[in-house]
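Each chain is listed here by its residues.
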Amino acid sequence: MLDKVIKLLKTKPFYIPEILIKNYRKLNISDSELILLIYLINTTDVFNPKQIAKDLNFKLNEVMEIFNSLIEKNIIKIDIINKSVREEIINLDELYNKLAFVIVNDKTKESSNLFDVFEKEFGRTLSPMDYEIITDWQKDFDDKLILLALKEAVFNNVTNLRYIDKIIRDWSKKGIKSKEDIIKDKKNYESKKSNKKLFDYDWLNERDS
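Below, the structure is looked at part by part. Small disclaimer: the values here were computed from a predicted structure and weren't measured.

**Structural notes on the packing of aromatic side chains**
Argument step 1. Tallied over the entire structure, the rule returns four aromatic pairs.
Argument step 2. Relative to F67, the ring of F47 lies with its centre 4.9 Å away and its plane at 85°, an arrangement referred to as edge-to-face. Note that F47 is positioned in the loop between α3 (31–42) and α4 (49–56) and F67 in helix α5 (residues 60–72), a separation of 20 residues in sequence.
Argument step 3. Residue classification places F67 among the buried residues on the basis of a relative accessible area of 1%.
Argument step 4. Here the aromatic residues F118, F122 and W137 are joined through ring pairs into a cluster of three or more.

Structure below.
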């Protein structure tokens with residue numbers, strides 16, 4: 001298997017979709033099927049099993065078995081576009097549809113997890129308005145920043161979205177994106193506060209005791 005992948009890569013540069021590499025097992029795609037799909041994405045949509053077998057160094061019966069398996073799994077289809085000459089074209093639309101579903105489903109899971117954390121920290125069910133506000137945050141801000149702002153609010157014994165919204169927007173203006181950035185900002189604040197107290201002290205007019 002490794003030799004076949006190396007041969008495939010050496011033939012010419014291939015574009016390998018990251019989303020496919022990371023999720024092909026979720027779609028019940030085998031390693032051999034993955035190699036064939038990468039080949040199809042990068043080369044041809046013409047159904048020519050003999051040429052494909054030659055290019056991939058597969059046996060013809062292997063190629064046919066892989067195609068049949070992918071068709072049964074609704075990953076690809078073979079379309080006949082010219083019935084008189086019988087020209088067969090490989091249709092990858094189902095593959096892209098399934099990959100798009102994986103992306104959307106993963107995003108939905110992330111959002112659900114975020115809402116779950118808010119409900120757990122607030123100790124109550126979120127209202128439709130709460131969901132709308134948090135969803136709007138996700139359009140402009142990273143989930144990590146939102147969760148850090150939630151943690152900051154809970155630490156200060158405040159559990160309302162208006163307070164969290166202010167934290168998020170203040171941090172965003174300052175370029176704060178991580179826990180380390182927050183610590184650094186707090187240290188800077190404490191340092192300025194300390195300096196202000198020092199300058200406010202009128203030591204020049206202090207009388208000798």
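**Let's talk about the environment of D55**
Argument step 1. Following the sequence through the fold, D55 ends up in helix α4.
Argument step 2. Owing to a relative accessible area of 28%, D55 belongs among the partly exposed residues under this scheme.
Argument step 3. In this structure the C-alpha to C-alpha distance between D55 and Y39, which are 16 residues apart in sequence, comes to 9.0 Å.

**Things to note about the pairing of strand β2 (residues 87–91)**
Argument step 1. Of all the five residues making up β2, four are buried; the element is thus mostly covered by neighbouring parts of the structure.
Argument step 2. Where strand β1 (residues 77–82) and β2 come together, five bridges link them in antiparallel fashion. Within β2, the position partnered with D79 by the bridge is I89.

**Description of unusual backbone geometry**
Argument step 1. Positive phi, close to 60°, is recorded for N28, a residue that is not glycine.
Argument step 2. Here N28 lies in the loop between α2 (18–23) and α3.
Argument step 3. Overall, N28 belongs to the exposed group, its relative accessible area being 52%.
Argument step 4. Although it is not a glycine, N57 adopts a positive phi angle of roughly 60°.
Argument step 5. Tracing the chain through its elements places N57 in the loop between α4 and α5.
Argument step 6. A relative accessible area of 47% means that N57 is categorised as partly exposed.

**Notes on the pattern of salt bridges**
Argument step 1. According to the stated counting rule, one finds seven salt bridges in the structure shown.
Argument step 2. Residue K139 pairs with D136 through a salt bridge whose shortest N-O separation is 3.4 Å. Of this pair, K139 and D136 both sit in helix α7 (residues 128–140), three residues apart, which is roughly one turn of the helix.
Argument step 3. The salt bridge involving D170 is made with K166; its shortest N-O contact spans 3.0 Å. Of this pair, D170 and K166 both sit in helix α9 (residues 161–174), four residues apart, which is roughly one turn of the helix.
Argument step 4. Accessibility expressed as a relative area gives 30% for D170, which makes it partly exposed.

**Section: the environment of I167**
Argument step 1. The residue I167 is located in helix α9 in this model.
Argument step 2. Judged by its relative accessible area of 10%, I167 falls in the buried class.
Argument step 3. I167 sits 19 residues away from L148 along the chain, and the two C-alpha atoms are 9.4 Å apart.
Argument step 4. Apart from residues lying up to four places away in sequence, I167 is in contact with A149, E152 and A153.

The rules behind each value
- Residues numbered from 1 in each chain as written.
- Predicted model: local features only at pLDDT ≥ 70, side-chain atom pairs only at ≥ 80, totals over all residues.
- Heavy atoms only, no water.
- Phe/Tyr/Trp six-rings, centres within 6.5 Å; stacked < 30°, edge-to-face > 60°.
- Helix = DSSP H or I, 4+ residues; strand = E, 2+ residues; numbered from the N terminus.
- Buried < 20%, exposed > 50% of the residue type's maximum accessible area, 1.4 Å probe, protein only.
- Pairing = 2+ DSSP bridges.
- Salt bridge = Lys/Arg side-chain N within 4 Å of Asp/Glu carboxyl O.
- Contact = heavy atoms within 4.5 Å.

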